Amino acid sequence: MGDAVAVWAVVVAAGSGERLGAEHPKAFVAFGDDPLVAASVGALDEHPAVDGIVLVVPEGWEERATFMCDEIGAGKVAVAVAGGPTRSDSVALGVAEVPDDAALILVHDAARPILPAELVDRVLAAFADGADGVVPALELADTVKRVDATGRVVETLPRTELRAVQTPQAFRADVLRRALAAPDRASGTDCASLVERIGGDVRVVAGDARCLKVTTRADLERALELRSA
Ligand code: C5P
């Protein structure tokens, strides 16, 4: 993308993270010396293609989040706002704070603390082909089956056609705004699925195994190991 294109990032950090069993929301559990969310906010702040950042946090954590951004010197963070009941609601509340002149919006899970600069580069570079959205994705090691409520296998999906998608997911700002306006947005577990529903052209690029989503304590430890590797 040319330099003139404004790129904003929305970091969603408003989940409760119950599976971590911590007393803080997941994004604010300790990750080394800082809260978990500081790692990806810091990476986006340092990335030269990112012009501004909106941080979405649990209600009541806005001030602490702003303080944290000051502490880590993340000067591109324009605002920290409260999220909503689902991830899609949190994304929509964040996107509402992105200025109108932003051409592209990157949406990133705070739960993915390891965000290599080259992953952001790869996602942004793929817009050159005219996509509406670009998502990083990994091939699967496991075979995936569809099962019914009783646990009976209904179907085995062809593994070579399947991908596990990560964040950051990037979209043309106007397309993402339209996708998020859908009344059934809550059922979308990622932004790309909402863009797909309105007929958007979403492409995948190679993901990065280091960009794992922290869900359990073991994931947190693994991410810490990866950071110091
Ligand atoms: O719940 P899940 O692991 O899919 O969350 C992915 C990301 O979305 C996390 O960074 C989490 O903080 C964020 N999220 C949010 N608002 C919600 C639910 C999840 O910002 N209501």
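Heads up: the structure comes first, above all this text.
Residues numbered from 1 in each chain as written. Predicted model: local features only at pLDDT ≥ 70, side-chain atom pairs only at ≥ 80, totals over all residues. Heavy atoms only, no water.

A. The state of the cysteines, seen in detail. Counted under the stated rule, the structure contains 0 disulfides. For C191, which is in no disulfide, the shortest distance to another cysteine sulfur is to C211 and amounts to 14 Å. For C211, a relative accessible area of 0% translates into the label buried. (Disulfide = S-S within 2.5 Å. Buried < 20%, exposed > 50% of the residue type's maximum accessible area, 1.4 Å probe, protein only.)

B. Seen up close, the nonpolar core. Grouped together as the largest cluster of nonpolar side chains are 36 residues, with contacts concentrated most on V11, V37, V41, L44, L55 and L106. Of all the secondary structure elements, the ones that give two or more residues to this core are strand 1 (7–12), helix 1 (36–46), strand 4 (52–57), helix 2 (62–72), strand 5 (77–82), strand 6 (104–109) and helix 4 (117–125). In contact with L55, other than residues within four places in its own chain, are V11, A13, V37, V41, A65, M68, C69, V77, V79, A80 and V81. (Core = buried A, V, L, I, M, F, W, Y, C linked by side-chain atoms within 4.5 Å. Helix = DSSP H or I, 4+ residues; strand = E, 2+ residues; numbered from the N terminus. Contact = heavy atoms within 4.5 Å.)

C. Looking closely at the site of the ligand. In the vicinity of the ligand lie 14 residues, with V12, A14, G15, G84 and S90 positioned nearest. In the model, an oxygen atom of the ligand is placed 2.8 Å from a nitrogen or oxygen of the V12 main chain. One nitrogen or oxygen atom from the main chain of G84 is found 2.9 Å from a nitrogen atom belonging to the ligand. In isolation the ligand exposes 450 Å². Once the protein is present, 82% of that is buried. Each residue belonging to the shell around the ligand can be placed in one class, and the counts come to 6 nonpolar, 4 polar and 4 charged. (Near = heavy atom within 4 Å. Polar contact = N/O pair within 3.5 Å; in protein donor to acceptor, adjacent residues only side chain to side chain. Areas by Shrake-Rupley, 256 points an atom, 1.4 Å probe, with all protein chains shown as cover. Nonpolar A, V, L, I, M, F, W, Y, C, P; charged D, E, K, R; others polar.)

D. Seen up close, the packing of aromatic side chains. Going through the model one piece at a time under the given rule, you end up with 1 aromatic pair. Just above the ring of W61 sits the side chain of R64; from NZ or CZ to the centre is 3.9 Å. (Phe/Tyr/Trp six-rings, centres within 6.5 Å; stacked < 30°, edge-to-face > 60°. Lys NZ or Arg CZ within 6 Å of the ring centre and 35° of its normal.)

E. The arrangement of the pattern of salt bridges in detail. Summed over the entire model, instances satisfying the criterion amount to 10 salt bridges. Where R87 meets D109, a salt bridge forms, and the shortest distance between an N and an O atom there is 2.9 Å. A residue pair is termed long-range when its members are at least 10 positions apart, and R87 in helix 3 (residues 87–95) and D109 in strand 6 qualify at 22 residues. Among the ionic contacts, a cluster of salt bridges with common partners joins R87, D109 and R112. (Salt bridge = Lys/Arg side-chain N within 4 Å of Asp/Glu carboxyl O.)

F. Local environment of the pairing of strand 1. Extensive coverage of strand 1 is indicated by the burial of 6 of its 6 residues. The alternating pattern of strand 1 places V7, A9 and V11 on one face and W8, V10 and V12 on the opposite face, and all of these are buried. Examined bridge by bridge, strand 1 and strand 6 share 6 bridges and lie parallel to one another. The partner of V7 across the bridge, within strand 6, is L104. The sheet contact formed by strand 1 and strand 4 spans 5 bridges and is parallel. Pairing of W8 across the sheet is with G52, part of strand 4. (Pairing = 2+ DSSP bridges.)

G. Main features of unusual backbone geometry. Here the amide bond leading from T167 into P168 is cis, since omega sits at 10°, within 30 degrees of zero. Structurally, the position occupied by P168 is in the loop between strand 10 (163–165) and strand 11 (169–172).

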